[in-house]
Amino acid sequence: MTDHIDNWHKLARYDTNMQGELHANLLRNNGITVSLQPLSAMPGMNSGIVLWVQDTELAQAQRILDSIDTEGETTPYEMFDEPTETALNATANPAKDNHNGGTL
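Model, not experiment: these values are computed from the prediction.

Draft legend 1. Quick look at the pairing of strand β4 (residues 49-54). Counting buried residues in β4 gives five out of six residues, a clear majority hidden from the surface. Strand direction decides the pairing type here: strand β2 (residues 8-14) and β4, joined by six bridges, are antiparallel. Following the sheet pairing, Arg-13 is matched in β4 by Val-50. With five bridges connecting them, strand β3 (residues 34-38) and β4 associate as antiparallel partners. By the bridge assignment for β4, Leu-36 is matched with Leu-51.

Written out as structure tokens, the structure reads:
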């Protein structure tokens, strides 16, 4: 497989389908046309995915992907979970009454 087929360019390869689909959706939300190429012919296999973009959008797509913070990388589910400590604190230590009708 080459990195250039007609006017499409290979942008990125991901080890998991979910990560590739998340990045593809980010690009689509920014108006970039993305084509996904699963690395397995069997549906449901999580063998990875390749993102392809048109040559006219390659530079913009690369800038968007480069701007993603991967140093504090979390799993996709952690992005939507409330921090456990905050949730436990809120239920274990409700706001105390300051004796004048309000709370602290």
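Draft legend 2. Layout of the confidence of the model for the chain. When the pLDDT values of the chain are averaged, the result is 76; 60% of them are 70 or greater. Contacts of residues 75-80 to residues separated by more than four positions or lying in other chains number four contacts, the stretch itself having pLDDT below 50.

Parameters and conventions
Residues numbered from 1 in each chain as written. Predicted model: local features only at pLDDT ≥ 70, side-chain atom pairs only at ≥ 80, totals over all residues. Heavy atoms only, no water. Buried < 20%, exposed > 50% of the residue type's maximum accessible area, 1.4 Å probe, protein only. Helix = DSSP H or I, 4+ residues; strand = E, 2+ residues; numbered from the N terminus. Pairing = 2+ DSSP bridges. pLDDT = per-residue confidence, 0-100. Contact = heavy atoms within 4.5 Å.

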